[in-house]
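# Examining the three-dimensional arrangement
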Amino acid sequence: MTGHRLRIVVVDDHTVMRAGVIALLDGEADIEVVGEASDGRAALGLVARHDPDVALVDLRMPVLDGVATTTEIVARHPRTRVLILTTYDTDADIERGVEAGAIGYLLKDTTREQLVDAIRSAARGETVLAPRVAEKLVARMRRPVHDPLTARETDVLTAVADGLTNAEIGRRLVISEATVKTHLLRLFAKLDVNDRTRAVVVAMERGLLPHP
């Protein structure tokens, strides 16, 4: 991209944060901040007007949050790369941002050099992840995938949590005792357990059943 200045928009609901990012980028000869916005809706207008190379987008914002903003930018302006810059690094936040189409996910403790390098990489279409974010994504990918429980399996497990026997579960759900046992075997396999009590405990830990 020799001779081309990268056009950037900065989107963050904190005025001081926006000013800080703009100040950090001010000395870069190949980067030009062409606009700033305090919410996602305003950001969409900026992107439409300026057709930037990269949009630096915060995750938590009023009117339209970072995930929704990213989704809209990616859909309407695919040439603009979205680089999320946030303080939030939970698995759910990271997953939502990446799934929305962000090319990168940085945390606000990133250094000036890292931010500048990330913007240049994003503009080239390269994925950019903060080290902590990359570690979390790799760890998440390595976790075993759990098959979801069917509605009937959830009914059976709820009845088990209520202390019912197989015969009582069959009467409650109007199914045979043999069918109850079949559902339990499938539950045990999905939850990787060997008994009813452990099945209930694991299901609660995973949020598949409410805690009593």
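My aim in this report is to walk through the structure given alongside it, one point at a time.

Thresholds applied
Residues numbered from 1 in each chain as written. Predicted model: local features only at pLDDT ≥ 70, side-chain atom pairs only at ≥ 80, totals over all residues. Heavy atoms only, no water. Core = buried A, V, L, I, M, F, W, Y, C linked by side-chain atoms within 4.5 Å. Buried < 20%, exposed > 50% of the residue type's maximum accessible area, 1.4 Å probe, protein only. Helix = DSSP H or I, 4+ residues; strand = E, 2+ residues; numbered from the N terminus. Contact = heavy atoms within 4.5 Å. 1 Å grid on protein atoms, 1.4 Å probe; cavity = no way out; pocket = protein on both sides within 12 Å on 5 of 7 lines; lining within 4 Å. Points joined across faces, edges and corners; volume = space filled by probe spheres on them. Nonpolar A, V, L, I, M, F, W, Y, C, P; charged D, E, K, R; others polar. Polar contact = N/O pair within 3.5 Å; in protein donor to acceptor, adjacent residues only side chain to side chain. Arc of directions from axis to C-beta. Salt bridge = Lys/Arg side-chain N within 4 Å of Asp/Glu carboxyl O. Pairing = 2+ DSSP bridges. Right-handed = clockwise from strand over helix to strand, strands pointing away.

### Notes on the nonpolar core
- With 24 residues, the main nonpolar core has V9, V11, V57, I73, Y105 and V133 as its most contacted residues.
- Elements with a contribution of two residues or more to this core: β1 (6–11), β2 (31–37), α2 (40–50), β3 (54–57), α3 (66–76), β4 (81–86), α4 (91–100) and β5 (104–107).
- Here this core takes four residues from α2, the largest share from any one element.
- The contact partners of V133, leaving out residues within four places of it in the chain, are I94, Y105 and L107.
- Counting 20 residues, the second largest nonpolar core, distinct from the first, contains L173, L187, A199 and A203.

### Overview of the layout of surface pockets
- What the largest pocket holds in volume is close to 160 Å³.
- What lines the largest pocket is simply L106, L107, D109, T110, Q114, A118, V128, L129, A130, P131 and R132.
- Of all the secondary structure elements, the ones that give two or more residues to the lining of the largest pocket are β5, α5 (112–123), β6 (128–129) and α6 (131–142).
- Looking at the lining of the largest pocket residue by residue, the class counts come to seven nonpolar, two polar and two charged.

### Topic: the side chain of R18
- Its location among the elements puts R18 in helix α1 (residues 15–25).
- Exposure remark for R18: the relative accessible area of 10% places this residue in the buried category.
- Polar contacts involving the side chain of R18 include one to the side chain of E36, which spans 2.8 Å.
- Apart from the residues lying within four places of it in its own chain, the contact partners of R18 are V10, D12, D13, E36, A37 and S38.

### Remarks on the environment of E95
- Tracing the backbone through its elements, the reader meets E95 in helix α4.
- You can call E95 partly exposed: its relative accessible area is 25%.

### Overview of α1
- By the burial criterion, the buried members of α1 are R18, V21 and L25. Taken around the axis of α1, the buried residues stretch over an arc of 65 degrees, which confines them to a single face. Residues of α1 that are exposed and angled more than 90 degrees away from the buried face: T15, V16 and A23.
- Those residues of α1 hidden inside the fold are in contact with β1, β2, β3, β4 and α5.

### Describing the pattern of salt bridges
- Summed over all chains, the structure comprises 19 salt bridges.
- Among the salt bridges present, the one from E153 reaches K190, with a minimum N-O distance of 2.9 Å. Pair noted here: E153 is in helix α7 (residues 151–161) and K190 is in helix α9 (residues 177–191), with a separation of 37 residues, a long-range link.
- The exposure class of E153 is buried, given its relative accessible area of 3%.
- Bridged by salt links that share partners, the residues E28, D30, R112, D117 and R120 form one connected network.

### Details of the pairing of β5
- Burial along β5 is two-sided: G104 and L106 and Y105 and L107, pointing in opposite directions, are all buried.
- Two elements, β4 and β5, share four bridges in a ladder whose sense is parallel. Note that in β5 the partner of L85 across the bridge is L106.
- With respect to chirality, the unit in which β4 leads through α4 into the neighbouring parallel β5 is right-handed.
- Sheet analysis places β5 next to β6, joined by two bridges and oriented parallel. Within β6, the residue paired with Y105 across the bridge is L129.
- In the classification by handedness, the crossover that spans β5, the intervening α5 and the parallel β6 is left-handed.

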